[in-house]
Amino acid sequence: MKNIAVIGSGTMGNGIAHVFAQHGYQVSLIDIKQEFLDKAISTIQKNLDRQVAKELITESDKTTALSNISTFTELSKGVESADLVIEAAIENMNIKLDIFRQLDELCPSHTILASNTSSISITKIAAATKRPHQVIGMHFMNPVPVMKLIEVIRGYATSDETTSLIMDLSRKLSKVPVEVNDYPGFVANRILMPMINEAIYTLYENVAGVNEIDTVMKLGMAHPMGPLQLADFIGLDVCLSILRVLHEGFGNPKYAPCPLLVNMVEAGFKGVKTGEGFYQYTKGSKDLVVSPRFSN
């Protein structure tokens, strides 16, 4: 594989493009507006600058990586020569199904189609195409340039050949791929999201405050980040979406989202991306400040 197309230039999409470009692949980064793409390239450049400052790469490596990325606002032009397409669009089933239907028509017959979805069924996505054996999940972790794990998710019809190719490719990116089967939440979010949800319930039921809950998990369980801070970092809207997938997929009430989480998302308090969730976030400040809504 030499030519990689990435659909969606947000946090995950630009991180995926960054990693492939840094490892010598030609990357087509695709989004609906040029302003989104310009912002993504700016982010990639800043992250490469950070790597140069830490002496992880050279200035020449940075220049080469940036030159490996081309941007497109037309899906057809971005995927016409792709060996692998990775969809990193919004976590919405209907949007993903529409994208994969288009990809199936536009891409060469050999192209593997992957989704970076964190919870949506790969089997269902694959069924929207005429090449379900070439559809797979590549669930990268955020921040993509730093985190080593890739969950490689096999849909019901994903072939051994496709799985083997993606496992090998992941290793070439200096990542650690873990093969899992396609059930709601896969492994990472099936385990992580109930923990986050339970932390929110613990706050909702006034067992302890935001700082106290996160401190217990950091110091008592050796988590690098408390579950409420992590939820803010992931995005409370994303957490809610994944919990709903788990709840619907398993039909088990233990996955029901906490009412506090639902209210916060509906009110627009989604964490880091909106400036406030369980904590308040001020641009330029690294201080962790509990939201006044949850202050004692």
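What you see is a predicted model, and the numbers here were worked out from it, not measured in a lab.

Visitor: A description of the packing of helix H11 (residues 236–250) against helix H12 (residues 259–266) should follow, citing residues and the corresponding values.
Guide: Relative to each other, H11 and H12 sit at 130°, their axes nearing to 9 Å. As summarised for this structure, H11 and H12 are arranged oblique, according to the angle between their axes. The handedness of the crossing between H11 and H12 comes out as left-handed. In contact with Leu236, Asp237, Cys239, Leu240, Leu243 and Arg244 of H11, H12 contributes Leu261, Val262, Met264 and Val265. Among the residues forming the contact of H11 with H12, the class breakdown is eight nonpolar, no polar and two charged.

Visitor: An account of the packing of helix H10 (residues 227–234) against H11 is requested, with residue identities and associated values reported.
Guide: Packing of H10 against H11 brings their axes to within 5 Å, and their N-to-C directions diverge by 95°. In terms of orientation, H10 lies roughly perpendicular with respect to H11. Across the interface between the two elements, Ala231, Asp232 and Ile234 from H10 touch Leu236, Val238 and Cys239 from H11. Taken together, the residues of the contact of H10 with H11 sort by class into five nonpolar, no polar and one charged.

Visitor: Kindly report on the pairing of strand E4 (residues 84–87), identifying the contributing residues and their values.
Guide: Side-chain positions along a regular strand alternate between the two faces of the sheet. The side-chain alternation of E4 yields two buried faces, one formed by Leu84 and Ile86 and the other by Val85 and Glu87. Summarising the sheet, strand E1 (residues 3–7) and E4 pair through four bridges and their orientation is parallel. When the bridges of E4 are listed, valine 6 appears paired with isoleucine 86. Both E4 and strand E5 (residues 112–115) contribute to a ladder of four bridges, which runs parallel. Residue pairing for E5: valine 85 is matched across the bridge by leucine 113. What joins E4 to E5 is helix H5 (residues 93–106), and the crossover it makes is right-handed.

Visitor: Any chance you could break down a positive patch on the surface for me, citing the residues and the numbers?
Guide: Taken together, the side chains of Lys39, Lys46, Arg50, Lys54, Lys283 and Lys286 make up a positively charged region of the molecular surface. Within the secondary structure, arginine 50 is located in helix H2 (residues 34–53).

Visitor: I'd love a proper account of the layout of surface pockets, names of residues and values included.
Guide: Empty space left among the atoms is revealed by rolling a probe the size of a water molecule over them. The calculated volume of the second largest pocket comes to roughly 340 Å³. Looking at the second largest pocket, it is lined by 17 residues, and the ones nearest its centre are Met93, Ile120, Ser121, Val245 and Glu248. Only H5 and H11 provide two or more residues apiece to the lining of the second largest pocket. Counting residues per element, the lining of the second largest pocket draws most heavily on H11, at five residues. Residue-level mapping places the lining of the second largest pocket at the junction of two domains, with at least three residues from each of domain 1 (3–181) and domain 2 (189–288).

Thresholds, definitions, all that
Residues numbered from 1 in each chain as written. Predicted model: local features only at pLDDT ≥ 70, side-chain atom pairs only at ≥ 80, totals over all residues. Heavy atoms only, no water. Axes fitted to C-alpha atoms, helices over the stretch in contact; angles between N-to-C directions. Helix = DSSP H or I, 4+ residues; strand = E, 2+ residues; numbered from the N terminus. Parallel < 35°, antiparallel > 145°, perpendicular 65-115°, else oblique. Left-handed = near helix turned anticlockwise from the far one by under 90°. Contact = heavy atoms within 4.5 Å. Nonpolar A, V, L, I, M, F, W, Y, C, P; charged D, E, K, R; others polar. Buried < 20%, exposed > 50% of the residue type's maximum accessible area, 1.4 Å probe, protein only. Pairing = 2+ DSSP bridges. Right-handed = clockwise from strand over helix to strand, strands pointing away. Patch = residues over 30% accessible without salt bridge, like charges linked within 9 Å, V, L, I, M, F, W, Y side chains within 5 Å. Areas by Shrake-Rupley, 256 points an atom, 1.4 Å probe, with all protein chains shown as cover. Salt bridge = Lys/Arg side-chain N within 4 Å of Asp/Glu carboxyl O. Lys, Arg positive; Asp, Glu negative; His and termini not counted. Charge placed at Lys NZ, Arg CZ, Asp CG, Glu CD. 1 Å grid on protein atoms, 1.4 Å probe; cavity = no way out; pocket = protein on both sides within 12 Å on 5 of 7 lines; lining within 4 Å. Points joined across faces, edges and corners; volume = space filled by probe spheres on them. Domains from an automatic or database assignment.

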